[in-house]
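So the chains spell out like this:
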Amino acid sequence: MKELDLVLTGGKIVLPDSVIDASVGIADGKIVFISANGWVPKAREVVDLAGKVVFPGFIDTHVHFRDPGLTYKEDFTTGSRAAAAGGITTVVDMPNNKPVINKTEHFVAKRDDAAKKSIVDFALYAGATDLDEIPGMLGAGAIGVKIFMVADPKSGYPHDPALFTGNDGMLYDTLRTAKREGTYCAVHPTNQEIFAHESKKKWDAGTTTPDDFVEAYFGENCVSDHTAMATLIEMSRASGTHVHILHLRSETGVKIIQHAKDEGLNLTMEVNPKYFLHTAEDMKRMGPLCTPYGLPDSVRANIKKEVERGTVDVLGSDHAPHSRQELEPGWKDAWSIPFGNPQLDHYVSALLTCVNEGTFSLRTLARTLAENPAKLIGVFPKKGAIRIGSDADFTIVDLAARGTFDDKNLGTKVQWSPYTGRAYTGRPVMTIVRGNVVMRDGTVTGQPGGGQFVNGQELRKEK
């Protein structure tokens with residue numbers, strides 16, 4: 001065997017059905033051997049990972065990098081730097097930019113610019129509101145179509161009215177277009193009429209705190225989510241479209257979708273870890289910096305059980321950076337600000353803390369952060385697996401590492417984290433993308449432009 005580029009030895013490798021002691025060899029960006037016999041052939045670099053755990057590279061299928069148009073919050077270099085720092089090897093970015101990505105020319109410009117900036121591999125969604133443009137964006141490599149069933153009634157961002165599907169007829173036509181083009185739709189489910197109606201009642205009463213916003217946005221018992229999901233389920237049943245439903249935040253919602261999956265519908269679901277990682281006390285303490293998370297402990301516990309049980313397909317961060325300054329007015333009027341918070345630097349470490357607490361298994365993280373995300377976007381087993389011939393993408397963690405999250409040396413441009421002050425046990429210590437070490441011991445070593453575009457059109461042709 002010729003000299004290899006890199007050998008990882010001494011660590012525990014997370015495979016689909018086991019965790020084994022093994023070494024892994026890498027050449028030309030691919031995995032070329034996996035040995036449980038301690039074999040270490042000649043290589044340009046050998047990394048001793050004794051005491052560490054090697055996962056297939058984590059894929060975050062839900063990030064908002066604000067590039068183009070809102071780059072004072074984040075751009076593709078800073079966002080991908082945060083991803084590398086947090087153990088993420090591939091990201092999928094959403095289309096709510098300025099301009100919104102609902103035209104082919106805007107998609108191509110974003111794709112080409114991101115290719116110059118990204119440190120990790122990346123894919124892009126097409127926006128959904130111009131049916132005639134969807135085929136062109138897919139042809140230019142969009143991984144799928146993102147649908148917003150929501151528009152912010154006052155702030156206009158991050159749920160830009162320009163990306164709002166508007167009515168059920170438009171929604172159904174979009175699903176059918178995606179089906180015809182051989183792709184899937186990722187959908188933010190909200191009953192806009194309930195949201196707008198409840199919002200107006202709060203405004204008229206002069207009650208506009210973060211808690212009031214959550215009450216209007218979710219509705220009682222998450223009725224806004226659940227009625228939107230019911231619509232999506234029936235439209236998927238009729239059209240046969242693969243619908244990937246985002247932002248699950250109730251046990252009932254998870255069970256609604258699972259019941260439809262059991263009937264044979266082509267559905268998948270995503271939970272954002274922040275819904276079960278951020279507590280009601282966090283919401284009370286941080287207000288607009290933690291809106292609209294902070295679910296009751298019983299709800300959070302039930303969602304975590306569904307994740308561990310295998311019901312939930314994907315964990316996606318919904319990394320949504322905004323500056324502290326633009327969020328602070330939300331204490332008085334939560335509708336006047338954008339909402340969301342940065343996640344990429346710290347959320348994987350927060351999940352590893354859950355592993356150490358016994359909430360999740362190593363296999364659960366591999367399934368929800370690597371294998372299933374890769375299957376969703378159509379790159380499995382090229383990515384999302386530790387197999388001979390797969391891309392040499394790895395997230396390497398030290399489960400014994402302890403510390404306290406802080407705002408020092410963050411990758412994200414907004415330079416704050418909602419996890420600051422919280423203790424952790426377990427953190428990523430190395431991020432490898434196609435054999436290239438892009439983060440080592442907390443220092444991002446990858447360079448802008450080193451990430452490759454994951455071309456959805458090429459993947460669809462391979463099917």
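Residues numbered from 1 in each chain as written. Predicted model: local features only at pLDDT ≥ 70, side-chain atom pairs only at ≥ 80, totals over all residues. Heavy atoms only, no water.

(A) Up close: the nonpolar core. One finds Phe55, Ile147, Phe276 and Leu351 to be the most contacted residues of the largest nonpolar core, which totals 101 residues. Excluding anything up to four places from it in sequence, isoleucine 147 contacts Ala128, Thr165, Leu171, Thr174, Leu175, Cys185, Ala186, Val187 and His188. By size, the runner-up hydrophobic cluster in this structure holds 19 residues, among which are Leu6, Val429, Ile432 and Val437. (Core = buried A, V, L, I, M, F, W, Y, C linked by side-chain atoms within 4.5 Å. Buried < 20%, exposed > 50% of the residue type's maximum accessible area, 1.4 Å probe, protein only. Contact = heavy atoms within 4.5 Å.)

(B) The arrangement of the packing of helix α13 (residues 347-356) against helix α14 (residues 362-377) in detail. Remark: α13 packs on α14, axes separated minimally by 9 Å, with the N-to-C direction vectors making an angle of 145 degrees. Crossing handedness for the pair α13 and α14: right-handed. Packed against α13, whose contacting residues are Tyr347, Leu351, Leu352 and Val355, the element α14 presents Leu362, Leu365 and Leu369 at the interface. The class makeup of the residues in the contact of α13 with α14 is seven nonpolar, no polar and no charged. (Axes fitted to C-alpha atoms, helices over the stretch in contact; angles between N-to-C directions. Helix = DSSP H or I, 4+ residues; strand = E, 2+ residues; numbered from the N terminus. Left-handed = near helix turned anticlockwise from the far one by under 90°. Nonpolar A, V, L, I, M, F, W, Y, C, P; charged D, E, K, R; others polar.)

(C) Looking closely at the pairing of strand β14 (residues 394-404). One ladder, built from four bridges, connects strand β5 (residues 53-56) with β14; its direction is antiparallel. Across the sheet, residue proline 56 finds its bridge partner in β14, namely phenylalanine 394. Of the strand pairs in this sheet, β14 and strand β15 (residues 423-433) are connected by eight bridges, and their pairing is antiparallel. In the strand pairing of β15, valine 397 is matched with proline 428. (Pairing = 2+ DSSP bridges.)

(D) Expanded view of the packing of aromatic side chains. Scanning all chains against the criterion turns up 18 aromatic pairs. Seen from their ring centres, phenylalanine 55 and phenylalanine 58 are 5.0 Å apart, and the 55 degrees between their planes marks the pair as tilted. Judged by relative accessible area, phenylalanine 58 falls into the buried class, the value being 0%. With a centroid separation of 5.6 Å and an interplanar angle of 35 degrees, the aromatic rings of tyrosine 217 and phenylalanine 218 are classed as tilted. Considered together, tyrosine 217 and phenylalanine 218 belong to a single accessibility category, that of buried residues. Clustering of aromatic rings is evident, with ring pairs tying together Phe195, Trp203, Phe213, Tyr217, Phe218, Trp335 and Phe339. (Phe/Tyr/Trp six-rings, centres within 6.5 Å; stacked < 30°, edge-to-face > 60°.)

(E) Summary view of the environment of methionine 229. Position of methionine 229 among the secondary structure elements: in helix α7 (residues 223-239). For methionine 229, a relative accessible area of 1% gives the class buried. Here methionine 229 is in contact with Pro189, Ile245, Leu248, Gly253 and Ile257, once residues within four sequence places are set aside.

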